[in-house]
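So the chains spell out like this:
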Amino acid sequence: METNKQIDKLYFKAFRAIDNRADCMKFIEGHTHVLEVFGITQITSAKIDWVLNPDVYVVLVSETPDGPALGGGRIHIANGINPLPIEDAVGHMDERIYKMVEERTEAGTGEFCALWNSWEIAGLGIGSIYLGRTFIALAYRLKLKTLLGYVPLQLTETP
C-alpha cells in the first residue's frame with residue numbers, strides 16, 4: 001500500500017450518531033475497509049445498529065471538512081437499555097462486565113470503541129494520541145464519570 005500525498009491538515013468532527021447519518025456511513029465505510037485489510041470480518045464493532053442509538057457519539061477524522069473518513073471512533077453511553085459493545089464482546093467470557101457497567105451507569109459511564117485510522121494517516125499518532133485526547137474531552141463534555149475501553153493484549157511467556 002502506498003500512502004497519499006502529504007497531509008497538511010486534519011479535521012476532527014464529533015457528533016451524535018442519530019443526527020448525522022451521512023457521516024455515520026463514512027465512518028462505517030472507512031472502518032469496514034480497515035478491518036477487511038487485516039482480515040477481520042467477524043467483530044461486534046462491525047455491526048451498524050449503533051447508528052440508531054441516541055446515546056452514541058462519533059468522532060470522525062478527515063482531510064477536508066466533508067471528506068472521506070480517515071479515522072475515528074465512538075463513545076457509547078451506558079443507558080440500561082442498549083448493552084455497551086464491551087458487554088457484547090466479553091460478557092460471554094466474563095459476566096462481571098455486566099455488573100461493572102451497571103454499577104457505573106447512574107453516575108455516567110460509557111465506552112470508547114471502534115477506534116481506527118486508515119493507512120493514509122498511519123504513524124501520525126492520530127489513533128493513539130489525538131483520538132485518545134479527543135475521547136477524554138468528549139467524555140467530559142458528555143458528563144461521563146468513567147469511560148471503559150477494551151484493549152486486547154497478547155501475552156507471551158517469559159523464560
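This text goes with the structure placed above it.
Being a predicted model, the structure only gives us computed values, none of them experimental.

**Some thoughts on the packing of aromatic side chains**
Aromatic ring pairs are defined here through the distance separating the ring centres and the angle between the ring planes. Per the counting criterion, the structure on display carries 3 aromatic pairs. Judged by centre distance (5.5 Å) and plane angle (85°), the ring pair of Phe 27 and Trp 50 falls under edge-to-face. Of this pair, Phe 27 sits in helix 1 (residues 21-37) while Trp 50 is found in the loop between helix 1 and strand 2 (56-62), placing the two residues 23 residues apart along the sequence.

**What to know about the sheet that holds strand 4 (residues 109-117)**
The strand order across the open sheet formed by 5 strands is 1-2-3-4-5, and the pairing between neighbours is mixed. In this open sheet, the two strands that pair with only one neighbour each are strand 1 (11-16) and strand 5 (146-148). Here the strands of the sheet are splayed against their neighbours by 25° on average, with no regard to which way each runs. Relative to strand 3 (residues 69-77), strand 2 is paired through 7 bridges, and the arrangement is antiparallel. Paired with Val 61 across the strands is Gly 71, a residue of strand 3.

**Remarks on the pattern of salt bridges**
Scanning the entire structure with this criterion turns up 5 salt bridges. Of the charged contacts in the structure, one is a salt bridge between Glu 103 and Lys 99, with a shortest N-O distance of 3.8 Å. Here Glu 103 and its partner Lys 99 are both found in helix 3 (residues 96-105), 4 residues apart, which amounts to about one turn of the helix. On the accessibility criterion, Glu 103 (53% relative accessible area) is exposed. Residue class for Lys 99 comes out exposed when judged on its relative accessible area of 53%. Here the residues in one salt-bridge network are Lys 13, Asp 23, Lys 26 and Asp 66, joined through shared partners.

Calculation notes
Residues numbered from 1 in each chain as written. Predicted model: local features only at pLDDT ≥ 70, side-chain atom pairs only at ≥ 80, totals over all residues. Heavy atoms only, no water. Phe/Tyr/Trp six-rings, centres within 6.5 Å; stacked < 30°, edge-to-face > 60°. Helix = DSSP H or I, 4+ residues; strand = E, 2+ residues; numbered from the N terminus. Pairing = 2+ DSSP bridges. Axes fitted to C-alpha atoms, helices over the stretch in contact; angles between N-to-C directions. Salt bridge = Lys/Arg side-chain N within 4 Å of Asp/Glu carboxyl O. Buried < 20%, exposed > 50% of the residue type's maximum accessible area, 1.4 Å probe, protein only.

Without other data, these values stay purely geometric and don't point to any function.
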